[in-house]
Amino acid sequence: MTDPLSDHAARLASDAEALERCTVRLRALARRLRADEAAPSWLHAALDAHLTACTVAYDDLSTAAVLLRAHASGSAGPFEDRE
Amino acid sequence: MTPENTPIPARTPEERDQVSGESDSGARCGGAGEEASGRLMAAARELAEIAHALREASVHATAALHEPALAASLRRSPGTGLRAQRALLRAVTDRRGLGWAVSGGRAGTLGAKLGGLVHAGNLPIRVMTTSLRLRIAAVVLHHPELAEDPLLRRLLEAVSADGDLAAGRALHALIRDRGAARALSGIAPIFGELLALRALLDKNPLNDNTAWLIATGLGAATADPLTGMSNRVVARLDRGAGAAVPVEPAPHEAGRLSTRGSFLDYLCDLLVIRPTGRALVQTVRGPDGVERHVVLAPGMRTGGFDTDSPADLLGAFSSTVLDSGPYSRSLAAAVADYGVPEGAEVALIGHSAGGSAIMSLAQDPEFNARHVLTDAIAIGSPIDFKQPASPATRVSSITNHHDIIPTLDGQGAGNCFALHPDWYIVDYTDSTHLFPACHGLEQYAANLRDDLPEARAHLEAQLTAYTGPIVRRRLYRLYDHAPHPAGFPFLTVPTHSRHTSEGPVTVPVRTFDATVFTAWFTVPAEKAAALLTGTPFTPVTAASRAIAVLHFTTHHRSTLDPHHETTLSLLVHSPLHPRPTGLLRDLLRAPALRHAGLHPLAAAVTTPQARAAAADLWSHPAHLTETTLTLTPTAVEAAITAPGETTPLLVLTGTPGPRLRPPAPRRSAATRVLYSRTGNTPYRSTLQSTGPTTTHPVPRLLLTAGAPEHPLPALLHALSLPRTRPFLCQTTPSARLLHHPPAPLTSSSVDHPLTPEP
C-alpha cells in the first residue's frame, strides 16, 4: 500500500517541474512577442508579471514537495521553511 | 432546379466584395493580417495550456493540504508535519506566486468560491485572462470595427478590467445605441471570449467552471456562463423518445423540391421545407448507379419554448448540450420509417438546431451500426464538442463569424484550439450581415453559392456520390412523443365494417369534431302516441304531454364524409318493459343504463352516405336535404330545405338565452339511448358524446315548419309543432361523437348476441 503523503509529494515535485517548463515557455513567449508588432502593448507587462509569479510558484511548490517528502519519510528535511 | 433558379437569394456585387472566407483546407485570404492573427492565436493557445497546468498544480497542492493522512501524521512528527503543512498553504495562497489558488475537491471548491466572492486573484485565472484578451486581440485584426467603434472598444476594455458594473454599463450603452440585434452582431466574433472573461473576473463563483471549459476548449459549456445555472438541468426537461409521422408537402412545396440532388440542391430543399418541425429523407441515385440517402434537418421552429415538436427552443437547447435528444431520436425514427436499408450510405445535412441534431445522430452507435454514415454537414450549428461514432464520417461545419448560434457551445471565431483537425471547417465573415439575419439558411446558402467558391467546390466534390436524380423522398413531421391517434382515447375503439347501399361504413361511426344543438319541445301525448301506433314504442308522458327533441349536428370531421344531420325524436320507454311509474328511477340511473330513450322519427342529412347509414344501420327514415346551421353564444339559425328548393322545410331562429351554468368539462361521456326498429323488432343503440355542453333553460327560439307535403314538416305538423318554442335547449360547440351500431332487443338476442356482418 502506497503512502498517500509520498504520492502527494511525488505529484507536487512533478507539478513543480511542470511549472518550471511553464516558466521557460513564458520566457520564450515573451521574447517572441516582444519582437512582434502585432502584439498588443499591454501584453508585455502581463507576461512579465506572469513570469515572475510562475517563478515564485515554482519555488513554493518545490519547497512544499521537499518538505512533504521529508515528513513522509519520517526524517527532518535540510530545508527550513521561509517566512 | 438549377442553382440559378433557386430559393437562395441573389447577392449584389457589393455584398460579395464584403465577404472574406477561410477554411481549413489551407486556402486563406487576408494576407499579413491573417498571419499576425495566427501568431497571436498560437500565443493565446500556449497561455491557455500554461494556465491549465497552473490550475492542475493548484488542485494537487490543495489535495495534499487537505490529505487526512497529513493531519493524522502531525501527532507522529509535528515538527516536519507543520513545516510541510505551512509550505503547502503558502504554495496555494502566496500572492506573489499562485495567489489564492485553493481549488479542487470539496474543501478546495469551497475555498475557491470564498476567494471568488472576495475577489482574491490567482495566477491560473490571470494567465487565462491574458489568453482570452489575446484571442480577442487576434480577432480584432480580422474585425477592426471592434477596435475602431468607441462603444465596442469601451465594452472590451470594461470586460477585461476588474469591474462588473463597468462592463454592464458598457453593454447597456451599446444596446441602447445600436439595438440588441446590432449589438449582438458586433460582439458575435468574440462572444464566447467575452462571456468567459466576464465569468472568470466576476464575483460569481458558480460560473467559474463553465468559464474554464469555454476558455480551454476542453468541453461544451455545461452551465450558463453568466449565472452558473446548469444547462444540463434545463436540457433534460426536453423529454420524449422522438417520433416521425409521414406528411405530404404542400402543393407549392412539392413543386419546388429538387428533382436532382447536389450540395446546393439539398440546401434549396432545406429552404423549401423551412424550420417547420419537419425533416426530409431522400434517395438519390449516384453517378455509379448506387442509391444513397440524404437526411435534411432544418433549424428551430419558432413559437413556444416547449411544444410537441423536438425542434422547439428547448429542443434546440438540448440538441446543443446533450448527446441525444428528441430531435436526433425523431430523425432516427424518420430514417427507420423510410426504410433506409441496413448498410446503405447516408449523408446528414442540418442547419442550426438541425445541425446539432444530425451530429447527435452521428454520435449514435446504434445508428452507425445500421447505416454507413459518410457525411455530416452542419451549417450555423454549435457542434464543437460532438464527435461522430465512426471515424470514417466526414464532418463539415460552416459558420459565419457574426452568427451567435454556433458559439453557444462556448467556441467561436476566437477559438484558438484546433479541436477537430480532421473536420472541414468554413469559418467566414460577412460584415454586411447582422444577427439574426446572418444565421438564416438563406444567407448561408447565398454565401456558399456566390461568395465562397472554394468551399462550395469542396463540398460539392465531397458529395459527388450523392449527386444525381432523386428517386424517392418522404417528408416527416417530427414529434417529441409519438402522437396519439385522432380522437384518443374516446374514439379509439374496436371497429368493423357494415354494408350500406352507399358502400361499406365503419362502425361505430366516429366524429372527431362536431357542433351539436338540441332543442326540447313538449307535444300533446295523444299526438305522440298516434305517431307511434304500430311500433313497439310508448311515449314518455307527464300531464298529457310528451317530449320531442330536435338534434342539429354538424359533423365537421367524421368517418363519414362531413355532413349535417338533423333528427326529430320522441322520448319513449323501453320497448321491452315500458314502465311509466319507473321513470323517476330510470332518471337516476347512469345514462347508458337507462331504459327510456329517444326514438328517431326521421332524419334530414346532407350526403347520400349519411342517408344510407341512417336508413340501413339505424333503420330510421332519412331524407336528403340542404342544411345551414349557425351557432353563436347569442344566436341560433338553422334552416333545412329540400335539394334545389328555396322554401325551407323547417327553420329555427332566435337566441339560446341565459346559460344555466358555465360549460364544465365532462368527466365521462354523455350517452344518448336510441331506439329504432326493423319490422316489429326493436333495436337499441347508444350515441356517446364528449365536449362542454351548455344548458339554456329559457331559450327565445322559434321553430317554424314548412308545408306538410314533405315528410319532415309533416311530422312536425302531426306533433302540433308548426310554429312553437322549445322549453329547453343545449349547445355543444365542439363535440366528439361515437355512434354505436344497434343491437336487437329480442329474446333470441339474449342467447345470441348480435355479431358483426363479415
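The shown structure was predicted, so the numbers you read here are calculated from the model rather than taken from an experiment. (Residues numbered from 1 in each chain as written. Chains lettered and ligands numbered in written order. Predicted model: local features only at pLDDT ≥ 70, side-chain atom pairs only at ≥ 80, totals over all residues. Heavy atoms only, no water.)

### What to know about the packing of aromatic side chains
All names here are of chain B. A complete count under the given rule lists 3 aromatic pairs over all chains for this structure. Summarising the aromatic geometry, the rings of Y428 and Y444 are spaced 6.2 Å apart at their centres and angled 85 degrees between planes, so their arrangement reads as edge-to-face. In this pair, Y428 is assigned in strand β9 (residues 424–430) and Y444 in helix α20 (residues 441–451), connecting sequence segments 16 residues apart. Here Y428 falls in the buried class, since its relative accessible area comes to 1%. Since its relative accessible area comes to 0%, Y444 is described here as buried. Summarising the aromatic geometry, the rings of F517 and F552 are spaced 6.3 Å apart at their centres and angled 40 degrees between planes, so their arrangement reads as tilted. You can see F517 sitting in strand β13 (residues 509–524) and its partner F552 sitting in strand β15 (residues 545–558), a full 35 residues away along the chain. A relative accessible area of 0% means that F517 is categorised as buried. (Phe/Tyr/Trp six-rings, centres within 6.5 Å; stacked < 30°, edge-to-face > 60°. Helix = DSSP H or I, 4+ residues; strand = E, 2+ residues; numbered from the N terminus. Buried < 20%, exposed > 50% of the residue type's maximum accessible area, 1.4 Å probe, protein only.)

### A short note on the interface of chain A and chain B
At the junction of the two partners, chain A supplies 40 residues and chain B supplies 43 residues. Per-residue buried area on chain A facing chain B is highest for R25, W42 and H71 of chain A; these three make up 18% of the total on that side. Taken together, the connections running from chain A to chain B amount to 5 salt bridges. With a shortest N-O distance of 3.2 Å, R32 of chain A and E46 of chain B are connected by a salt bridge. Of the residues forming the side of chain A that touches chain B, the biggest block, 16 residues, is contributed by helix α2 (residues 42–73) of chain A. The class makeup of the residues in the side of chain A that touches chain B is 25 nonpolar, 6 polar and 9 charged. (Contact = heavy atoms within 4.5 Å. Buried area = accessible area lost by both parts, 1.4 Å probe. Salt bridge = Lys/Arg side-chain N within 4 Å of Asp/Glu carboxyl O. Nonpolar A, V, L, I, M, F, W, Y, C, P; charged D, E, K, R; others polar.)

### What about the confidence of the model for chain B?
Residue and element names in this part refer to chain B. Overall, the prediction assigns chain B a mean pLDDT of 86, with 87% of residues at 70 or greater. For the stretch residues 1–5, pLDDT sits under 50, and the model shows 10 contacts to residues farther than four places along the chain or on other chains. This prediction of the complex comes with two scores: 0.73 for pTM and 0.91 for ipTM. (pLDDT = per-residue confidence, 0-100.)

### Structural notes on the packing of helix α17 (residues 326–338) of chain B against helix α18 (residues 353–363) of chain B
Residues and elements named next belong to chain B. It is at 8 Å that the axes of α17 and α18 come closest, and there the two elements cross at 70 degrees. Taken together, the axis directions place α17 and α18 in an arrangement best described as roughly perpendicular. The two elements α17 and α18 cross, and the hand of that crossing is right-handed. Of the residues in α18, those touching α17 at Y327, S328, L331 and A332 are A353, G354, A357, I358, S360 and L361. Tallied by class, the residues present in the contact of α17 with α18 amount to 7 nonpolar, 3 polar and no charged. (Axes fitted to C-alpha atoms, helices over the stretch in contact; angles between N-to-C directions. Parallel < 35°, antiparallel > 145°, perpendicular 65-115°, else oblique. Left-handed = near helix turned anticlockwise from the far one by under 90°.)

### A closer look at the environment of L201 of chain B
Residue and element names in this part refer to chain B. Along the polypeptide, L201 turns up in helix α11 (residues 191–201). Overall, L201 belongs to the buried group, its relative accessible area being 13%. In this structure, the C-alpha to C-alpha distance between L201 and P246, residues 45 residues apart in sequence, is 51 Å.

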